[in-house]
Amino acid sequence: MATVLRGGRFDVDALRKMVIDLRQTLDELGEPGEGADEMLPGSGVDDPEIRRAMADRRLRQAIRQAAEHTAYYRLWFEEHGVDPSRIGLDQLHQVATTPKSALRGAGPAFISDKSEPVLMAQTTGTTGTPTVVWFSRYELDLSAVLSAISYLMVGGVREHHVSMSCVSSRATVGLISVQRALGLVGAGFVAQGLVDPGIALDRLATPLHLPGKAPHITDLYTVPSYLGALVQRAEQDGWQARDFGLRQILTGAEILTDALRERVREVFDVPVSDVYGMTELVPTTGLVCTRQHLHLASEQAHFEVLDRNADTPAEVGEIGELVATPYAPYRDTTLLVRYRTGDLVRRLPDEPYGCELAQLPATSPIVGRAKHFTGGPTARDILEVLQGVREVPLPTRYALTGDPLKPDLHVVAPGGVLGRIEDLATARSLQVADIVLVDEARDLPEPCRVRADLYEHSFETSRS
């Protein structure tokens with residue numbers, strides 16, 4: 001730990017031994033009690049001055065390494081006459097943010113000349129050109145072992161559990177990290193992919209008959225749009241919670257609404273964890289707490305909420321873009337400084353949050369994507385209304401036209417539900433001029449793409 005505080009790399013072998021020790025301790029002493037969340041990144045340091053000093057040191061190191069070892073930042077600091085050795089928390093505003101377009105257009109310029117790249121990972125490209133990020137073996141090993149510790153201490157994953165992943169196979173680094181982490185824990189893993197929802201439900205319901213494992217799959221990893229498709233198929237085909245053996249669902253990469261969470265509870269009767277993460281920031285993550293704050297791993301990266309159109313902080317209560325600088329001990333290949341994630345959040349006041357993750361900095365949950373937001377209703381506002389009407393098919397399809405601040409809302413939905421959508425929209429103060437229903441997604445004025453669209457062909461058929 002002292003090495004890390006001085007800016008050195010983690011001893012991954014020592015962390016692997018920690019996982020083994022944790023497994024043995026849990027086997028001997030049983031489940032951890034209150035305080036297990038202290039294993040979360042960033043916890044355990046209550047003094048705000050110490051937290052700030054640690055963040056300043058880590059930020060300085062990250063900026064120095066990016067300026068010294070990547071072509072993009074070396075050129076930027078030279079052209080703008082900024083001394084990277086003088087940049088800390090109080091001077092960070094002197095450094096311009098890095099747009100996603102820069103990483104997409106000049107990916108090799110962000111790779112450290114001291115790194116040893118072994119894996120090229122891409123974002124799924126659901127709503128735009130995929131972004132390429134390279135990882136070293138050290139980064140992959142570290143991500144897996146940190147995930148394993150989190151699974152053991154926070155997720156309650158044990159050797160007899162079996163997890164199933166229903167995400168795109170193009171989410172390379174996430175799949176590799178989960179599979180390796182569960183292997184360290186001793187749990188089982190099924191990479192199901194984004195197949196027909198009926199096939200996935202059959203897999204969840206089919207007994208495993210594996211020695212030492214639970215009778216059925218216990219943990220499901222997926223994205224909200226596909227989770228919606230699973231819920232709708234389960235409702236249509238008459239599946240009930242007793243048909244499965246799930247104990248929890250983890251989802252991320254899209255907006256999880258309260259309305260969808262409630263329908264998941266009715267069908268599967270398990271809790272749903274809303275996790276934040278993206279390929280560009282691995283292994284840095286965030287978690288939405290029970291009071292609907294997005295808590296970010298401040299030990300792993302420096303986060304800011306900035307104005308969507310300027311490199312200045314968003315005002316408290318306003319919507320801004322989440323900007324991140326991953327710290328050096330966690331990243332040594334693709335280095336990023338003040339990276340604009342494209343994810344929009346609402347900035348919260350700097351005061352106690354009064355929740356179970358109050359020791360971590362927080363924002364609102366993700367409310368939408370910067371490239372699609374025009375200043376009117378957010379994607380979260382719209383989805384909460386549409387998914388609150390059961391007859392609107394899942395995954396939800398919609399488009400906006402007209403006045404950016406008060407647009408027309410076009411929705412794929414049967415004609416008989418217009419009144420209910422309008423009533424709920426009024427109750428939730430959704431600022432739209434008109435609501436127009438269409439029969440199919442192809443009838444929308446522009447495409448509505450979600451991650452559930454990244455289907456993988458299978459010759460297997462569901463029992464339905």
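Everything quoted here is computed from the prediction, not taken from an experiment. (Residues numbered from 1 in each chain as written. Predicted model: local features only at pLDDT ≥ 70, side-chain atom pairs only at ≥ 80, totals over all residues. Heavy atoms only, no water.)

(A) Examining the sheet that holds strand E15 (residues 398-401) more closely. Overall, mixed pairing links the three strands, which are arranged E15-E16-E17 in an open sheet. Two strands close off the open sheet at either side, each with one partner strand: E15 and strand E17 (434-438). The mean inter-strand angle of the sheet, taken between neighbouring strand axes irrespective of direction, is 20°. Sheet strands in contact with helix H11 (residues 379-386) are E15 and strand E16 (408-412), and its direction is about 130° off that of E15. (Pairing = 2+ DSSP bridges. Helix = DSSP H or I, 4+ residues; strand = E, 2+ residues; numbered from the N terminus. Axes fitted to C-alpha atoms, helices over the stretch in contact; angles between N-to-C directions. Contact = heavy atoms within 4.5 Å.)

(B) Looking closely at helix H7 (residues 172-185). An ideal rise of 1.5 Å per residue puts 20 Å on 14 residues; H7 measures up with 20 Å between its terminal C-alpha atoms. Within H7, the full set of buried residues consists of Val-173, Leu-175, Ser-177, Val-178, Ala-181, Leu-182 and Val-185. Just past H7, the residue Gly-186 takes up positive phi, approximately 95°. (Expected span 1.5 Å × (residues − 1). Buried < 20%, exposed > 50% of the residue type's maximum accessible area, 1.4 Å probe, protein only.)

(C) Seen up close, the sheet that holds strand E11 (residues 319-326). Strand order in the open sheet made by the four strands is E10-E11-E12-E14, with antiparallel pairing throughout. Only two strands of the sheet have a single partner each, and these edge strands are strand E10 (301-306) and strand E14 (368-369). Pairing of E10 with E11, which is carried by six bridges, proceeds in the antiparallel orientation. Paired with Leu-306 across the strands is Glu-321, a residue of E11.

(D) The arrangement of the packing of helix H2 (residues 12-29) against helix H6 (residues 137-153) in detail. Where H2 contacts H6, the two axes come as close as 10 Å, and the packing angle between them is 20°. For the element pair H2 / H6, the angle class is roughly parallel. The element H2 and its partner H6 pack so that their crossing is left-handed. Side by side, H2 and H6 meet where Val-12, Leu-15, Arg-16, Met-18, Val-19, Leu-22, Arg-23 and Leu-26 of the first sit next to Tyr-138, Asp-141, Leu-142, Val-145, Leu-146, Ala-148, Ile-149, Leu-152 and Met-153 of the second. Among the residues forming the contact of H2 with H6, the class breakdown is 14 nonpolar, no polar and three charged. (Parallel < 35°, antiparallel > 145°, perpendicular 65-115°, else oblique. Left-handed = near helix turned anticlockwise from the far one by under 90°. Nonpolar A, V, L, I, M, F, W, Y, C, P; charged D, E, K, R; others polar.)

(E) Structural detail: the nonpolar core. Ranked by internal contacts, the top residues of the largest apolar core, which has 65 residues, are Phe-77, Leu-142 and Tyr-151. Once residues within four sequence positions are removed from consideration, Tyr-151 is found in contact with Gly-156, Val-157, Arg-158, Val-178, Ala-181, Leu-182, Val-185 and Tyr-221. Grouped together as the second largest cluster of nonpolar side chains are 36 residues, Leu-175, Leu-201, Val-264 and Val-450 included. (Core = buried A, V, L, I, M, F, W, Y, C linked by side-chain atoms within 4.5 Å.)

(F) Spatial organisation of the side chain of Thr-251. Here Thr-251 is to be found in strand E6 (residues 248-252). Polar side-chain contacts of Thr-251 include one of 3.0 Å to the backbone oxygen of Thr-222. Thr-251 has contacts with Thr-222, Val-223, Pro-224, Leu-256, Val-272, Ser-273, Asp-274 and Val-275, leaving out every residue within four places of it along the chain. (Polar contact = N/O pair within 3.5 Å; in protein donor to acceptor, adjacent residues only side chain to side chain.)

(G) The arrangement of unusual backbone geometry in detail. Of note, the amide linkage connecting Val-282 to Pro-283 takes the cis form, showing an omega dihedral of 10°. Its identity as a non-glycine residue notwithstanding, Arg-338 has a phi of 50°, on the positive side. As for its placement among the helices and strands, Arg-338 is situated in the loop between E11 and strand E12 (339-346). Given a relative accessible area of 2%, Arg-338 falls into the buried group.

(H) Layout of the state of the cysteines. This model, assessed by the stated rule, comprises zero disulfides. Of the cysteine sulfurs around Cys-355, a residue in no disulfide, the closest is that of Cys-289, at 3.7 Å. Judged by relative accessible area, which is 13%, Cys-355 ranks as buried. (Disulfide = S-S within 2.5 Å.)

(I) Representation of the confidence of the model for the protein chain. Summarising the model, the protein chain shows a mean pLDDT of 92, and 93% of its residues fall at 70 or more. Overall, residues 38-43 carries pLDDT values under 50, and its contacts beyond four positions in sequence, including any with other chains, amount to 20 contacts. (pLDDT = per-residue confidence, 0-100.)

(J) Expanded view of the pattern of salt bridges. For the structure on display, the rule yields 25 salt bridges. Of the charged contacts in the structure, one is a salt bridge between Arg-390 and Glu-266, with a shortest N-O distance of 3.0 Å. In this pair, Arg-390 sits in the loop between H11 and E15 while Glu-266 sits in helix H10 (residues 258-268), placing the two residues 124 residues apart along the sequence. Note that Arg-340 and Asp-311 form a salt bridge whose closest N and O atoms lie 3.1 Å from each other. Taken together, the residues Arg-340 in strand E12 and Asp-311 in the loop between E10 and E11 connect sequence positions 29 residues apart. With relative accessibility at 9%, the residue Arg-340 sits in the buried group. (Salt bridge = Lys/Arg side-chain N within 4 Å of Asp/Glu carboxyl O.)

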